[in-house]
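Structural overview for review
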Amino acid sequence: FFFHTLTNKLFKQNMGGGGWYYVPKVWSPTGGWWNNPRNWKANTAVCGMVIFAISAVVFKVSAEKERRPIKSRFPVPSERWVKHPSGTQ
């Protein structure tokens, strides 16, 4: 304890990250190190809606095309919404 306290006082050691640190100037199309685009909330919402719409179309097409000629031993969740239930052609 004494040695640790003595060395801290002698060498003025501080724990932690410290203040400023050097970051090189970098240009990138995404905005660099600390980017903050103007419309990020609107852009995120639009991307979310597009992803949801595409997923809904894929889900609908998948449910229409799914067929299970042999009935499964265990219940399958997709049997609730498919057009052709298992065991039927």
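First, a word on scope: everything that follows refers to the structure included in this document. Computed from a prediction, not measured in an experiment: that's the story for all the values here.

What follows covers the overall build of the protein. From N to C terminus, the protein includes two helices and zero strands. Buried residues in the protein amount to 8% of all 89 residues. Long-range contacts, defined here as pairs at least 24 residues apart, represent 0% of the contacts in the protein between residues at least 6 apart. Accessible surface, the protein: about 8,800 Å² in total, of which carbon and sulfur atoms supply 66%.

Now for the pattern of salt bridges. One pass over the full model with this rule turns up two salt bridges. One salt bridge connects E64 with K60, and the closest N-O pair in it is separated by 3.0 Å. With E64 and K60 both in helix α2 (residues 40–65) and four residues apart, the pair spans about one turn of that helix. A residue is classified by how much of its surface remains accessible, and K60, at 52% relative accessible area, is exposed. With its nearest N and O atoms 3.0 Å apart, the salt bridge here joins E66 to R68. E66 gets classed as buried once you look at its relative accessible area, which sits at 18%. Relative accessible area serves as the criterion here: at 28%, R68 is assigned to the partly exposed category.

A word on the side chain of E66. Along the polypeptide, E66 turns up in the segment after α2. At 2.9 Å, the side chain of E66 and the side chain of S78 are in polar contact. Dropping the residues within four chain positions of it, E66 is found in contact with S78, V82 and H84.

Rules used in this analysis
- Each chain carries its own residue numbering, running from 1 in the direction its sequence is written.
- Confidence filtering applies because this is a predicted model: local features only for residues at pLDDT of at least 70, side-chain atom pairs given and counted only at 80 or more, and all residues used for totals across whole chains, interfaces and linings.
- To obtain the side-chain values, all non-hydrogen atoms of the structure were included, while hydrogens and water were left out.
- Each helix is a run of H or I in the DSSP string that is no shorter than four residues. Each strand is a run of E no shorter than two, and both are numbered from the N terminus.
- Remark: exposure states derive from per-residue accessible area (1.4 Å probe, protein chains only) relative to the maximum for the residue type, with buried under 20%, exposed over 50%, and partly exposed in between.
- Contact criterion: two residues are considered in contact whenever any of their non-hydrogen atoms come within 4.5 Å of each other.
- Surface accessibility in these figures is a Shrake-Rupley result with a 1.4 Å probe; residues are shielded only by whichever protein chains are displayed.
- A carboxyl oxygen of Asp or Glu within 4 Å of a side-chain nitrogen of Lys or Arg is what we treat as a salt bridge.
- Residues adjacent in sequence count toward polar contacts only when both atoms are side-chain atoms; beyond that, a polar contact is any pair of N or O atoms within 3.5 Å, and within protein one must be able to donate a hydrogen and the other to accept it.

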